[in-house]
Amino acid sequence: MIDFLRYKKIYFLISGIFLFLSIGSLGFWGLRPSIDFTGGSILELSLQENTELQITNLKTELGDLENKLISVQEAGDNNALMRLKPITEDEKNKLVKVLGDKIGEVSVVRFETVGPTLGRELLTKTLIAVVLAIGFIMAYAAWQFKDLMYGICAALAMLHDSLILVGSFAILGYFLGVEVDTLFVTAVLTTLSLSVHDTVVVFNSIRQEAKRFGRSVSTQQYNGIVNRAINATIVRALNDSFTIIFMLLSLVLLGGETIRWFAVALLIGTILGTYSSTFIAAPLLTVWKDLAAKRK
């Protein structure tokens with residue numbers, strides 16, 4: 001049996017480094033919100049062949065609407081996805097006509113406009129959803145395991161995963177121009193569920209081990225209980241996670257441009273959820289127990 005708790009300071013150090021980088025990145029660079037949050041228009045066009053060359057032309061042939069353009073990217077199947085500041089239906093028709101005259105035939109696949117008011121409302125609801133999810137899960141874990149420390153440790157593990165995931169996209173946004181949208185929100189909430197699922201599995205194993213010792217469990221005995229629980233669940237957790245990781249890697253490498261960063265977010269979240277449930281949440285229980293024993 002491996003003594004995992006022997007290295008808990010290393011686990012905390014690794015997490016501390018990543019948290020420092022994530023919080024620092026958020027503080028210095030912040031996230032790059034998509035038009036889902038800031039408001040704007042999305043125009044997806046079907047182009048002729050040689051999409052890469054056509055996208056280059058799109059950036060230079062907009063005429064007096066050039067100041068409306070935010071970004072252009074390939075969207076597969078000879079399609080280009082244009083993100084613009086809010087434009088009207090007339091401006092959209094004018095833009096399509098100008099591009100058709102300059103670069104050849106183009107056809108509109110999709111056109112959507114999100115107002116800035118709706119964007120702010122969505123951002124507010126996103127933050128509320130994350131806070132409520134963490135709060136409800138903390139309360140549930142505390143009630144299920146009849147001890148507040150389980151709820152708090154589970155919540156800290158989820159907060160750890162969320163901060164590092166969001167911070168990683170602040171880094172990707174600064175260096176690669178990656179934007180966060182509603183799919184990213186879905187990935188964050190999914191990460192919370194993955195994190196708490198694995199954490200509850202480990203906590204349940206700890207509870208089953210602790211029943212053999214009754215209520216009077218010493219700190220040393222509790223450390224042994226947690227370590228045995230980690231050994232009993234880690235293989236299952238890794239096997240479950242690898243099946244998800246392989247699928248997400250396939251989406252990252254072979255999936256379309258529109259879902260690639262969503263898959264990346266889920267991939268990072270899956271790795272974080274597996275790591276935190278075993279190497280953050282469980283060791284935090286032993287730290288809590290040590291501090292409680294010292295106070296007594």
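The rules behind these values
- Residues numbered from 1 in each chain as written.
- Predicted model: local features only at pLDDT ≥ 70, side-chain atom pairs only at ≥ 80, totals over all residues.
- Heavy atoms only, no water.
- Helix = DSSP H or I, 4+ residues; strand = E, 2+ residues; numbered from the N terminus.
- Rg over C-alpha atoms; globule rule 2.2 N^0.38 Å.
- Expected span 1.5 Å × (residues − 1).
- Buried < 20%, exposed > 50% of the residue type's maximum accessible area, 1.4 Å probe, protein only.
- Arc of directions from axis to C-beta.
- Axes fitted to C-alpha atoms, helices over the stretch in contact; angles between N-to-C directions.
- Parallel < 35°, antiparallel > 145°, perpendicular 65-115°, else oblique.
- Left-handed = near helix turned anticlockwise from the far one by under 90°.
- Nonpolar A, V, L, I, M, F, W, Y, C, P; charged D, E, K, R; others polar.
- 1 Å grid on protein atoms, 1.4 Å probe; cavity = no way out; pocket = protein on both sides within 12 Å on 5 of 7 lines; lining within 4 Å.
- Points joined across faces, edges and corners; volume = space filled by probe spheres on them.

Draft legend 1. Geometry of the overall build of the protein chain. In terms of regular secondary structure, the protein chain is built from 9 helices and 4 strands. Going from N to C terminus, the protein chain has its helices and strands arranged as α-α-β-α-β-β-α-β-α-α-α-α-α. Against the compact-globule benchmark of 19 Å for 296 residues, the protein chain has a radius of gyration of 24 Å, which places it well outside the compact range. The principal-axis extent of the C-alpha atoms belonging to the protein chain is close to 80 × 35 × 30 Å.

Draft legend 2. Region of the structure containing helix α4 (residues 89-103). The end-to-end C-alpha distance of α4, which contains 15 residues, comes to 21 Å, matching closely the 21 Å that a straight helix rising 1.5 Å per residue would cover. Taken as a whole, α4 has its buried residues at Lys92, Leu95, Val96, Leu99 and Ile103. An end-on view of α4 places all buried positions within 95° of arc, on one side of the element. Turned more than 90 degrees off the buried face of α4, the exposed positions are Asp90, Lys97 and Asp101. The positive-phi residue at the C-terminal boundary of α4 is Gly104, with phi of around 105°.

Draft legend 3. Structural view of the packing of helix α7 (residues 182-210) against helix α9 (residues 257-295). Running from N to C, α7 and α9 cross one another at 25°; their axes reach a closest spacing of 8 Å. Viewed along their axes, α7 and α9 adopt a mutual orientation that is roughly parallel. Relative to α9, the crossing made by α7 is right-handed. A per-class count over the contact of α7 with α9 returns 13 nonpolar, 13 polar and 1 charged.

Draft legend 4. Structural detail: empty space enclosed by the protein. For the structure on display, the rule yields 1 cavity of 30 Å³ or more. Counted as a void, the largest cavity has a volume near 60 Å³. Around the largest cavity, the lining residues are His197, Asp198, Val201, Val202, Thr233, Arg236, Ala237 and Asp240. Looking at the lining of the largest cavity, the elements that each hand over two or more residues are α7 and α8 (219-254). When the residues that make up the lining of the largest cavity are grouped by side-chain class, the tally is 3 nonpolar, 2 polar and 3 charged.

Just distances and angles here, no functional claims.
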